[in-house]
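Here is how the chains run, residue by residue.
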Amino acid sequence: MKRFFIGALAFIGALSILFVVGVVGLLMLAASSKPGVPSNLVLELDLQQPLPEYTLDTSLAGAFGEEPTSLRDVVEGLEKGATDPRVKSLVVRIGQPGSSAQVQEMRDAVKAFRASGKRAVAYADGFGEAGNGTGAYYLASAFDAVYIQPSGDVGLTGLVMETPFARDAFAKFGVKPEFGKRAEFKNAVNTFTDESYGPHQREATEAFGGGLFQQVVKGVAEGRKLTEDEVRALIDRAPFMGQAAVDAKLVDGLRYRDEIHDELKKQAGDGAEFLYVDKYLERAGRPHQTGTTIALIYGVGEVLRGKSQSNPLSGGQVMGGDTVAAAFRKAVEDPSVKAILFRVDSPGGSYSASDTIRREVQRAREAGKPVIVSMGTYAASGGYFVAMAGDKIVAQPGTLTGSIGVYNGKFVTSELWAKLGVNFDTIAFGKNATFSSSDKEFTPEQRAQLESELDTIYLDFTSRAAQARNMPLEKLQSVAKGRVWTGEDALERGLVDALGGYPKALELAREAAKLEKDAPVRIVVFPRPRPTGQVLSELLGKHEADNSDDEATGHAAMSSQVLEQVRAVYRVGAKLGLTGQGAEGRMLYAPLPEVRW
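The structure reproduced in this document is the subject of the present report. Note that the structure is predicted; figures quoted are calculated from it, not measured.

1. Structural notes on the pairing of strand β1 (residues 41–47)
- Counting buried positions along β1 gives six out of seven residues, so the element sits mostly inside the fold.
- Summarising the sheet, β1 and strand β10 (residues 273–276) pair through four bridges and their orientation is parallel. Residue L41 lies in a different strand from β10, and its bridge partner there is E273.
- The pairing of β1 with strand β2 (residues 87–94) spans seven bridges and is parallel. Looking at the pairing, L43 lines up with L90 of β2.

2. Brief notes about empty space enclosed by the protein
- By the definition in use, this model includes one cavity of 30 Å³ or more.
- Empty space within the largest cavity amounts to approximately 50 Å³.
- For the largest cavity, the full set of lining residues is L45, L47, V74, L78, L90, V92, M106, V110, L139 and F143.
- Broken down by secondary-structure element, the contributors of at least two residues to the lining of the largest cavity are β1, α3 (71–82), β2 and α4 (100–115).

3. Things to note about the packing of aromatic side chains
- If you walk through the whole model with that rule in mind, you get 14 aromatic pairs.
- Centroid distance Y54 to Y298: 4.1 Å. Interplanar angle 10 degrees. Geometry classified as stacked. One end of the pair, Y54, is in the loop between β1 and α2 (58–64); the other, Y298, is in strand β11 (residues 292–300), with 244 residues separating them in the sequence.
- A relative accessible area of 17% means that Y54 is categorised as buried.
- Over the ring of Y502 we find R343, and its NZ or CZ is 4.2 Å from the ring centre.
- Over the face of the ring belonging to F185 we find R483, whose NZ or CZ atom lies 5.0 Å from the ring centre.

Reading the values: the criteria
- Residues numbered from 1 in each chain as written.
- Predicted model: local features only at pLDDT ≥ 70, side-chain atom pairs only at ≥ 80, totals over all residues.
- Heavy atoms only, no water.
- Buried < 20%, exposed > 50% of the residue type's maximum accessible area, 1.4 Å probe, protein only.
- Helix = DSSP H or I, 4+ residues; strand = E, 2+ residues; numbered from the N terminus.
- Pairing = 2+ DSSP bridges.
- 1 Å grid on protein atoms, 1.4 Å probe; cavity = no way out; pocket = protein on both sides within 12 Å on 5 of 7 lines; lining within 4 Å.
- Points joined across faces, edges and corners; volume = space filled by probe spheres on them.
- Phe/Tyr/Trp six-rings, centres within 6.5 Å; stacked < 30°, edge-to-face > 60°.
- Lys NZ or Arg CZ within 6 Å of the ring centre and 35° of its normal.

Listed below in structure tokens is the structure:
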């Protein structure tokens, strides 16, 4: 019997080895048999959903699933295609293109593609279909031609900014928000404590929304060769159905997809084929693969302590302080790296985790590795904290920037639980042991301690920002106060150095590395993607790291990831005040206003 079990185990082991060898062989065969780039092609892109800024675990996703097309993929794909004689034109179906900053990044890429003399066409079933299609149409207006099908519409109706206020609901449930903030424009807690916009929140929201609206008006006017007054008048008359949109000069015709594709194929010449931008990039190769090395480090999602991770339930990501800090250390240690491009897309989060990353940005500069920050949708509160130490900061005009401030506090839920027939009794050892307890309100002494803590963090934030931006503290504090700005307004106030996206940041990185303007560069993502086998072993819980830096840039084990998803449900309750952890790790946080466009 013993020999039988030993033989069975040996047989299973052999099968496992054969399976792994077979999988690796199939992957190698697939890689070696990839089709090439057609000699005559039209690039194609489908933007029915917003593009992710960055996807973690790309090596695993690429091997065992369709890796999502990222914003950088589109930017670099169009850059590559602009100089490739095989690429004749571009066609994009536009649905939900994402935030204002993402739209502006793609608009810049499309305009650069067109500048090479190649045609770019946008189309949609309709921009909005009885809804708001302003953001989608804003992107489309950057193309040579815009089409909708005969049954479509153009919902260029403007912007709406909505903020929920739940003070009365919390009161009915028996939940008491106890928060403090610095300063008057730090509006993250107003959702819990107010019933409507107060004067400061209204001022900031109107200014931010008004700035975005003006950017849309200007962009549409330039793209469609209209005056800004004409565009504003059209917005006030929208939506437009079919022929009315043509008459308003918002679209160039009413065509179905097949008609557009047939025309582009005919213009491209005999044997023309269509190819998605990401597939083209995969086959043709990315630009910036040879030359001086520039490290690209992503800081995406809410800033928290520990490793970076993604949440399959919410689709969001976490910027782990340990992971990003370790990536900086690795880039600094690499002698081939001459500059670092830090892409930040974050509403903020943990004060300590933000400071961990800021410290490594500072150390990179001290080591002679200049850091250029490129901001995405937002770099607010903790997101700005990690960015402010860079040599130069680049933002899109619509990037939500700043929110230099802090808040902290808790939800007191004892009354809620009492209504449900649940009573908590507490035995505490230590005068302030109940400081974070959701069962007890702050004592006067604890409230004073909270306010003192907020003062300390706010002074630290503003002082470091003033030093980083070479600005007197008083001047920095006058534009801080927890207020959010568009990237355009932030430039005027000295919070950023230039407007643009990846290309502008890369231009400044070349300059910082003392390279010629058009010098070839090799962009390398840090931490470097690992082989599929290593990622799999880490997901299964095998410890591969040799030191803390290797550990920080690794991946969480599968068991801990599953546990994290369970905890995500718990966090929903935390945000609603049903636990005592609502404010944990989110002292430097600025939620993005809900913009419908």
